[in-house]
Amino acid sequence: MPRNLSIGFSPCPNDTYIFHALATGLIQWPGGLSVTLADVEELNGLAASGALDVVKISVAAAAGILDDYVLLRAGGAMGYGAGPVLVSGRGRTLASLDGARVAIPGERTTANLIFGLCCREAGIAVERVSMVFDEVMLAVEAGSVEAGVVIHEGRFTFSERGLKRVLDLGAWWEGFTGLPIPLGAIAIRRSLGEDTARRMNEAIRRSLGAARANPEAGRDYVRSHAQELSEDVVCSHIETFVTDYSLDVGESGMEAVSRLLAEAGCTRKDIFIEI
């Protein structure tokens, strides 16, 4: 019988939408769950230290934890037209940022990895300044950095704050690889065993199924944790980041993750649980 597990995911609408039923007991986990909600870069750090049994991570961060964790096939964030956006306070090109200070939403994030790849391919070097994701636009507005990589709700709200898009990094990745952008994934301790991993994968699939069948059931839970309270932004966030890949990454999703991790220097093959 599965024991009590510690599980962590972000307060962003896509995660709270997916995990609401599981986290609140509508979908029961035998033994119970201890839930932690934290910023994605904090979750990456908790995974790196082995602090949680099950944890939502940036796919880029998986490169450093696969000795101890394996990725589930459900619960992640992946798709087309869903990537981070590089923004500035005024009209800029990527080339014009050579040597500039650019805010990133954490060193272990997929957004940072893809931004680095983009800079490499463009032949430019920037000074990356790491901060919590919701501080990035504030830093760009204040002028303490010349540009910033925005994720989560920022993708939908940067123009309302007078910021200009320099480059859609998700579209750049899609053009560079022909693959969907693998933003986040759910990792589980290898030591828990394959049976528990498969059970958790199925529990997450059922939790997402419950959300899709009755979205109103988790509406207050999602909104209570959202950084952006606009109903339109919350709905757009869920529609963009919760896709069929969130139910199962499939072959193209696994290829996308493998490609991203290879860019991070990871060539490990046993990345995902076997179903």
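Scroll up to find the structure.
Note that the structure is a prediction, hence the values are computed from the model and not measured.

Turning to unusual backbone geometry, a few remarks are in order. Positive phi, close to 55°, is recorded for His 152, a residue that is not glycine. Tracing the sequence through the fold places His 152 in the loop between strand E9 (147-150) and helix H5 (154-157). Given the relative accessible area of 15%, His 152 is considered buried.

Pairing in this open sheet of 5 strands is mixed, and the strands run E8-E7-E9-E6-E10 from one edge to the other. Edge positions in the sheet fall to strand E8 (127-130) and strand E10 (164-168), since each has one partner strand and no second. Geometrically, the sheet is characterised by an average inter-axis angle of 30° between neighbouring strands, direction not taken into account. Where strand E6 (residues 85-88) and E9 come together, 4 bridges link them in antiparallel fashion.

Evaluated as defined, the whole model comprises 20 salt bridges. Between Asp 67 and Arg 268 there is a salt bridge; the shortest N-O distance is 2.6 Å. Placement of Asp 67 in the loop between strand E3 (54-58) and strand E4 (69-71) and of Arg 268 in the segment after helix H11 (250-263) is noted, with a sequence separation of 201 residues between them. Linked through salt bridges whose partners overlap, the residues forming this network are Asp 67, Arg 190, Arg 268 and Asp 270.

What follows deals with the pairing of strand E1 (residues 5-9). Moving residue by residue along a regular strand, the side chains alternate between the two faces of the sheet. Judged by how many residues are buried, E1 sits mostly within the fold: 5 of 5 residues are covered. The side-chain alternation of E1 yields two buried faces, one formed by Leu 5, Ile 7 and Phe 9 and the other by Ser 6 and Gly 8. Here 5 bridges tie E1 to strand E2 (residues 33-37), and the two strands are oriented parallel to one another. In the sheet register, Ser 6 faces E2, and the bridge partner there is Ser 34. On the question of chirality, the crossover connecting E1 to the parallel E2 by way of helix H1 (residues 13-23) is right-handed. Here E1 pairs with E3 via 2 bridges, running parallel. Looking at the pairing, Gly 8 lines up with Val 55 of E3.

Definitions and cut-offs
- Residues numbered from 1 in each chain as written.
- Predicted model: local features only at pLDDT ≥ 70, side-chain atom pairs only at ≥ 80, totals over all residues.
- Heavy atoms only, no water.
- Helix = DSSP H or I, 4+ residues; strand = E, 2+ residues; numbered from the N terminus.
- Buried < 20%, exposed > 50% of the residue type's maximum accessible area, 1.4 Å probe, protein only.
- Pairing = 2+ DSSP bridges.
- Axes fitted to C-alpha atoms, helices over the stretch in contact; angles between N-to-C directions.
- Salt bridge = Lys/Arg side-chain N within 4 Å of Asp/Glu carboxyl O.
- Right-handed = clockwise from strand over helix to strand, strands pointing away.

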